Structures are given as structure tokens and as C-alpha cells.
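Observations on chain architecture
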Amino acid sequence: MNRATTTWDETSARRLRRQFLDRPAERGSPVAEVVGAMLGAHAQVLSAAEVSVGVRAAGVTRADVRAALWDDRSLVKTFGPRGTVHLLPAAELPLWCGALTAIPTGPSPFPPDVRVTEEQAERIVAAIGDALDGVCLTVEELGEEVVARTGPWAGDRVMEAFQDLWPRWRQVMHRAGQSGALCFGPNRGRRVTYTRPPSFDPLPGQAALRELVRRYLRAYGPATPRHFAKWLAAPAGWAVELFRELAEGGEIEEVAFEGAGAAWVVAGDTEFPGGPVRGVRLLPYFDAYAIAAQPRESLFPGEAYRRALAGGQAGNYPVLLVDGVVAGVWHQRRRGRRTTVTVELIGRRLTARQGRELGEQVERVGEVLEAKAELVVGEVTVGPHA
């Protein structure tokens, strides 16, 4: 049987359509639906997550994202893919927690005298869940509760972090989030708080992983097992075996993908738009599309690979997409109710139409952030986000 074939332009058009990046979701669409299509919005910097969602949904502002997060609780801020902070649909926590806890972990990055055993890690996660049930605690308050429930060893300040020493228990904090024992609560002034999400039953691990692969391939396929492993920060060999099992079960199929060779899509999902994508988009720090779309050399062509990545890592710079590829970097500096958006083009000039679209995109970023935006085209002097 002949394999389906697809080009980079066709794939980009399909991915951007499924990401609501070719055309924003209609006004009134649930914010959680947009976040679900992205497979989570990176939220280490909450304003970046708000822009990620806002540029994909007509009329949505940061107030709408925060209402979904803190008022109707259709979103949850927690530790997601790669152990990093994400916004995830609350209704999808059974899937995410089932899948994330089933991914094999590599060796601990901490020195032997710092790391915890698996038994200690499980005790810490259980203590976190117990301590956060029905309350919101700062990290210091949570630490006191964890030590009281486990022992003084958990509070030993042995982890080097940000020119400081953190207590031992914090090295598995992301595991508590990925298992459903912890999520972020509303800030208490300037202080972050944590709480426990509503009770739910995670999906069985292997079933959750299979569904996550299917969702990843619908959003970002065609993709290889190594692309999937990189997106999750998971072992590459494990991902190869997982894809093999899915292929043998007829759940995914192989296609020929320009720039990547053999890649995979969900079985039967082999239709692609006929033409290339057109348009200008601004994506913020650590946008889901910039991180997940592969091959990275095709998304960041030529000089963009050097300028818009940090050591090959995507997300450290907000990027300008022109016709589906990275063609610039940008930065916004807010002062009160105004923000200045500086856009640096990489190796090209914009047509008159593209220039108008860029201005509209800058206005949209301002609307999302509830500020009046001004466009400046010039060099971005701010370095990569740490």
C-alpha cells in the first residue's frame, strides 16, 4: 500500500488551522476548548499564556483567561508536559495525569546526597495532596506541612536553585502536579499559592498515553516518535516502542513528510489543505506551536534558527510567523495602560499586506493584555528568556 505524502506547506496549513492560528476561534468559544486544541498553554509567565490563548480566540482578553482559571475553574494551572507550568482544561486532568505519571523517568539530575528515593518521593507527593486538600498554601506553608507529615529530611535545604538553597521535598513538586495532588491557587498578593484540584480518577496509564499520542498527532502531526519524546522530555527509545505498538494496533499510520522522512498521523487522518498557509501571527514566549511543531529546521529556516532559538531550544523568544515560518522575534514592554511591541525582522521585508497584518496583530496583543499597543520595527535587544 502506498503511503500518503505531504509537504511542509501543507502540514503547516493543517497545523495552523487546528491551532486556531489561521483563523481565531469564534467569539464566545470556550477558553478551555482553545487550550485543549493547543495541548496546553505554557504558563510559567502567565501573561504569555494569556497571549497564546488570546491570539487564537476572537475577543478573548487576559480577564477571560483568568476568569476561566480562577472563577469558573474550567482551566487549571499546574505542572504539565516536560514538568513545566501549563494551563490545562480541568476536564482533561484525568487524561493528563494518567499519561504523565505513566512516562518513565530518567536518572535523577541531583547529586546522590540531594536526591530522594522513589519511596520518599511517593511519601512527599501524598503529603502534598493531604496538606492542600481544601486550602491554599504558600510554598513556605506547604513546606512546613510536608515536613510535619514526612520528617525533617524532607526539609533539608540542599537543592541549589536561583542563588539559594531549596528544601529537598521541592525536587518532586512537579510530580505532585502531574499526579493531580497539586495545582496553583490564586495569588495571595504577590505570593504564589497552591491547592488541590477537585477529586478525579486518572485514566489508566497506557490508555491515557495512547490517547495523548493521538491528540498530539492530530494537533502537530505528522511527527516522529522522537518529536513526541522531545515534546514530553521523555526517553526517545520508549517513544519508539509506544509508536510501534500503536502502529501494530492500527491506531496510527505512516506518511512521507517533507523534511522528516517517515512520520506518523492518526490512522485515516491523511487529508491536508492543498495550498500553503498565508498570513502574519505573533506568538509569545514558549507558545505551544513554536515548541511542538517539527522539524524545527523547517519552522525556523535559515538565519531564524540562530536568531530565534536559544541553543536550539524553542520558546525563549517570542516569534513572528510569516506564511507559516518564523521570520522575526519580538518583545513587548508595558508602561501602565500602554505597551510598545518591538518586532525585529529576520532576513526579509514585509509586503504592504503583511505590514498591515502585523499592525493588526500588534493591536490584538494589546487587546489581549488590555493595553494600547504601539508597533516599532527594529532590533530586539532583550536576550532570551531564562
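Below is a short write-up of the structure. (Residues numbered from 1 in each chain as written. Predicted model: local features only at pLDDT ≥ 70, side-chain atom pairs only at ≥ 80, totals over all residues. Heavy atoms only, no water.)

Overview of unusual backbone geometry
Cis geometry marks the peptide bond from Gly 221 to Pro 222; its omega dihedral reads 0 degrees. Along the chain, Pro 222 falls in the loop between α9 (205-220) and α10 (225-232). The amide bond that connects Gln 294 to the next residue, Pro 295, takes the cis arrangement and shows omega of 0 degrees. Non-glycine residue Leu 39 carries a positive phi angle of around 65 degrees. By the element assignment, Leu 39 lies in the loop between α2 (31-38) and β2 (41-42). In this structure Leu 39 comes out as buried when scored by relative accessible area, which is 5%. Even without glycine at this site, Phe 286 takes up a positive phi of about 55 degrees. Position of Phe 286 among the secondary structure elements: in the loop between β12 (280-283) and α12 (288-292). (Helix = DSSP H or I, 4+ residues; strand = E, 2+ residues; numbered from the N terminus. Buried < 20%, exposed > 50% of the residue type's maximum accessible area, 1.4 Å probe, protein only.)

Here's the deal with the sheet that holds strand β1 (residues 4-6)
One open sheet holds the 3 strands; their spatial order is β1-β10-β11, and the pairing between them is mixed. In this open sheet, the two strands that pair with only one neighbour each are β1 and β11 (261-266). For this sheet the average axis-to-axis angle between neighbouring strands, irrespective of direction, equals 45 degrees. Relative to strand β10 (residues 252-257), β1 runs parallel, the two being bridged by 3 bridges. Within β10, the residue paired with Thr 6 across the bridge is Phe 257. (Pairing = 2+ DSSP bridges. Axes fitted to C-alpha atoms, helices over the stretch in contact; angles between N-to-C directions.)

Some thoughts on the side chain of Gln 171
Turning to its location among the elements, Gln 171 is positioned in the loop between β7 (164-167) and α8 (173-179). A polar contact of 3.4 Å, which involves the side chain of Gln 171, links it to the backbone nitrogen of Val 116. Look past the residues within four positions of Gln 171 in its chain and what remains in contact with it is Ser 108, Phe 110, Val 114, Arg 115, Val 116 and Met 159. (Polar contact = N/O pair within 3.5 Å; in protein donor to acceptor, adjacent residues only side chain to side chain. Contact = heavy atoms within 4.5 Å.)

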